[in-house]
Amino acid sequence: MAYQSVFRTGLFKGQVALVTGGGTGIGRCVAHELASLGATVVVAARRREPLEQTCREITENGGQAHVELVNIRDEESVDTLIRNVVAKFGRLHLLVNNAGGQFLSPAENISVGGFRTVLELNAVGTWTVCRAAMLHWMKEHGGIIVNIVADYFNGFPLMAHTGAARAAVDNMTKTLCQEWGKFGIRINSVAPGTIISSGMQNYPPPVQQMITGGFHTENPSGRLGTEAEVSSAVVWLLSPGAAYVNGACLRVDGGSSLSKAAMIPHPDDIPIKAFLGYSDASCLGERDIPPAFGELLAQYAAKKTTSKL
Ligand SMILES: CCCCCCCCC/C=C/C(=O)SCCNC(=O)CCNC(=O)[C@H](O)C(C)(C)COP(=O)(O)OP(=O)(O)OC[C@H]1O[C@@H](n2cnc3c(N)ncnc32)[C@H](O)[C@@H]1OP(=O)(O)O
Ligand SMILES: NC(=O)C1=CN([C@@H]2O[C@H](COP(=O)(O)OP(=O)(O)OC[C@H]3O[C@@H](n4cnc5c(N)ncnc54)[C@H](OP(=O)(O)O)[C@@H]3O)[C@@H](O)[C@H]2O)C=CC1
């Protein structure tokens with residue numbers, strides 16, 4: 001028998017897929033991929049114009065797409081969205097919770113309101129959509145969900161609010177996998193690194209310059225990621241080929257989550273003074289430490305520190 005890829009033509013034929021934030025960036029790319037593989041795609045967000053544009057593109061390519069407006073921070077709006085999809089199409093097989101975002105800020109400058117906003121958008125918003133999809137369709141018929149999170153592992157410098165929110169979504173995903181498996185619901189998350197997408201417009205020019213200037217090479221792959229690279233992971237998780245993948249978080253980050261400390265440059269003064277022993281004589285590299293490392297220790301001992309402890 002001839003070999004067939006899991007991504008064969010018409011893989012999602014007859015299935016209905018909902019992509020939140022599907023008018024722009026990663027969501028738009030996911031919508032294109034799913035439509036090209038036969039799904040009827042519903043793209044949903046707050047602004048009509050980008051959604052309609054994505055819809056037009058998909059239709060011109062021979063796919064099927066529809067627009068729904070939603071604010072995922074509003075429970076009633078989400079409820080209406082899911083009810084509309086089920087009423088119009090009679091089913092909802094695939095859900096991609098992609099809508100979300102945040103702003104870049106040192107943690108000490110994030111107001112309580114700002115932190116709450118980002119948690120509500122990403123964590124509560126994603127939960128609200130999952131819950132409504134489960135109640136109005138998937139509890140009875142099953143379904144597959146992918147939640148987009150971010151490279152929050154080991155903390156998220158300059159994005160403390162989104163780090164907390166995405167960790168919450170990842171953990172919620174693991175819980176729902178265990179609670180909702182009995183309904184035939186499979187749920188995973190995808191954690192993109194820094195991706196070249198419309199999302200970059202949300203950051204002021206100096207930040208964009210920082211990213212394109214040097215930051216973009218500071219990961220094991222030496223570059224940023226693409227929307228298509230995130231989308232192909234999402235599509236795979238939605239596909240039958242991933243039928244035994246449940247509760248996972250798939251990192252699509254070129255390895256950046258393994259080396260994120262480089263994001264925050266260190267000042268000349270060391271912020272946290274090294275402990276070199278209670279006696280001045282101890283640990284200064286005179287005995288069993290190679291000389292170059294001993295010099296480093298001596299530098300640490302001599303360095304000024306901003307620590308007040
Ligand atoms: C080295 C480089 C590494 C760079 C490393 C780069 C890694 C990139 C990884 C991730 C990339 C992406 O996700 S790209 C995708 C980005 N896309 C998005 O973010 C789209 C969605 N974003 C949004 O809608 C907004 O950003 C968001 C703030 C979340 C919601 O907007 P709202 O209009 O609802 O909120 P507002 O009413 O304006 O504000 C609510 C509160 O938040 C505060 N707030 C809002 N913007 C603020 C800001 N810029 N700075 C401080 N505080 C802010 C306000 O003061 C309010 O606080 P109070 O007055 O106190 O209540
Ligand atoms: N690009 C990157 O480097 C990374 C992106 N991500 C995440 O991937 C997802 C897609 O980002 P990306 O495509 O890059 O950026 P975009 O800013 O283009 O995408 C965000 C999408 O979410 C929608 N959205 C925002 N708030 C709401 C809301 N309250 N209700 C409904 N829809 C909403 C927006 O549409 P509208 O404004 O019309 O509502 C928009 O389509 C986001 O969750 C983002 O945080 C994660 C890691 C890295």
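Residues numbered from 1 in each chain as written. Chains lettered and ligands numbered in written order. Predicted model: local features only at pLDDT ≥ 70, side-chain atom pairs only at ≥ 80, totals over all residues.

The name that an unreviewed UniProt entry assigns to the protein chain is Peroxisomal trans-2-enoyl-CoA reductase, with the source organism given as Allomyces macrogynus. As stated in UniProt under Subunit (unreviewed entry), the record for the protein chain gives "Interacts with PEX5, probably required to target it into peroxisomes." UniProt, in the comment section headed Pathway (unreviewed entry), describes the protein chain in these words: "Lipid metabolism." (UniProt positions renumbered as here; feature names shortened; annotations may be inferred.)

K.L.:
How should I be thinking about the environment of Leu92 in this particular structure?
P.N.:
Tracing the backbone through its elements, the reader meets Leu92 in the loop between helix 3 (75-89) and strand 4 (94-97). For Leu92, a count of 21 C-beta atoms within 10 Å corresponds to the buried category. Once residues lying within four places of it in the same chain are set aside, the contact partners of Leu92 are Val16, Leu18, Val85, Val86, Ala133, Trp137 and Gly143. (Helix = DSSP H or I, 4+ residues; strand = E, 2+ residues; numbered from the N terminus. Buried ≥ 20, exposed ≤ 12 C-beta atoms within 10 Å, placed from the backbone. Contact = placed C-beta atoms within 7 Å.)

K.L.:
I tried to follow the environment of Ile58 on my own but got confused; where do I start?
P.N.:
Its location among the elements puts Ile58 in helix 2 (residues 48-60). Given 23 C-beta atoms within a 10 Å radius, Ile58 is considered buried. Dropping the residues within four chain positions of it, Ile58 is found in contact with Ala31, His32, Ala35, Val41, Gly63 and Ala65.

K.L.:
Sorry, what's going on with the site of ligand 1 here?
P.N.:
As a matter of local geometry, ligand 1 sits amid 20 residues, with Gly101, Ser111, Gly113, Gly114 and Gly199 nearest to it. Among the secondary structure elements, those contributing two or more residues to the shell around ligand 1 are helix 4 (112-141) and helix 6 (205-213). At five residues, the largest contribution of residues to the shell around ligand 1 is made by helix 4. (Near = placed C-beta within 6 Å.)

K.L.:
Whenever I open this one, the environment of Gly63 confuses me. Can you help?
P.N.:
Turning to its location among the elements, Gly63 is positioned in the loop between helix 2 and strand 3 (64-69). By the C-beta count within 10 Å, which is 20 here, Gly63 ends up buried. Considering only alpha carbons, one finds Gly63 and Ala242, 179 residues apart in sequence, at a separation of 24 Å. In this structure Gly63 touches Ala35, Ser36 and Ile58, once residues within four positions along its chain are discounted.

K.L.:
I'm lost on the packing of helix 3 against helix 4 in this one. Help?
P.N.:
For any two helices packed against each other, the geometry is given by the interaxial angle and the distance between the axes. Contact pair helix 3 / helix 4: the axes reach a minimum separation of 9 Å and the direction vectors enclose 40°. One element, helix 3, and the other, helix 4, form an angle in the oblique class. Regarding helix 3 and helix 4, the two cross each other, and that crossing is right-handed. Packed against helix 3, whose contacting residues are Glu75, Val78, Asp79, Ile82, Arg83 and Val86, the element helix 4 presents Thr128, Val129, Ala132, Ala133, His136 and Trp137 at the interface. Here the contact of helix 3 with helix 4 is built from residues that sort into seven nonpolar, two polar and three charged. (Axes fitted to C-alpha atoms, helices over the stretch in contact; angles between N-to-C directions. Parallel < 35°, antiparallel > 145°, perpendicular 65-115°, else oblique. Left-handed = near helix turned anticlockwise from the far one by under 90°. Nonpolar A, V, L, I, M, F, W, Y, C, P; charged D, E, K, R; others polar.)

K.L.:
How should I be thinking about the pairing of strand 5 (residues 143-148) in this particular structure?
P.N.:
In regular strands, side chains alternate between the two faces of the sheet. The buried fraction of strand 5 amounts to six of the six residues, a majority that puts the element mostly inside the structure. The alternating pattern of strand 5 places Gly143, Ile145 and Asn147 and Ile144, Val146 and Ile148 on opposite faces, both of which are buried. Inspection of the sheet shows strand 4 paired to strand 5 by four bridges, in the parallel sense. By the bridge assignment, Val96 is partnered in strand 5 with Val146. With helix 4 bridging strand 4 and the parallel strand 5, this β-α-β connection has right-handed handedness. By the bridge criterion, six bridges tie strand 5 to strand 6 (residues 185-192) in an arrangement that is parallel. In the sheet register, Ile148 faces strand 6, and the bridge partner there is Val190. Once the chain exits strand 5 it traverses helix 5 (residues 160-180) before rejoining the sheet at strand 6, and the crossover so formed is right-handed. (Pairing = 2+ DSSP bridges. Right-handed = clockwise from strand over helix to strand, strands pointing away.)

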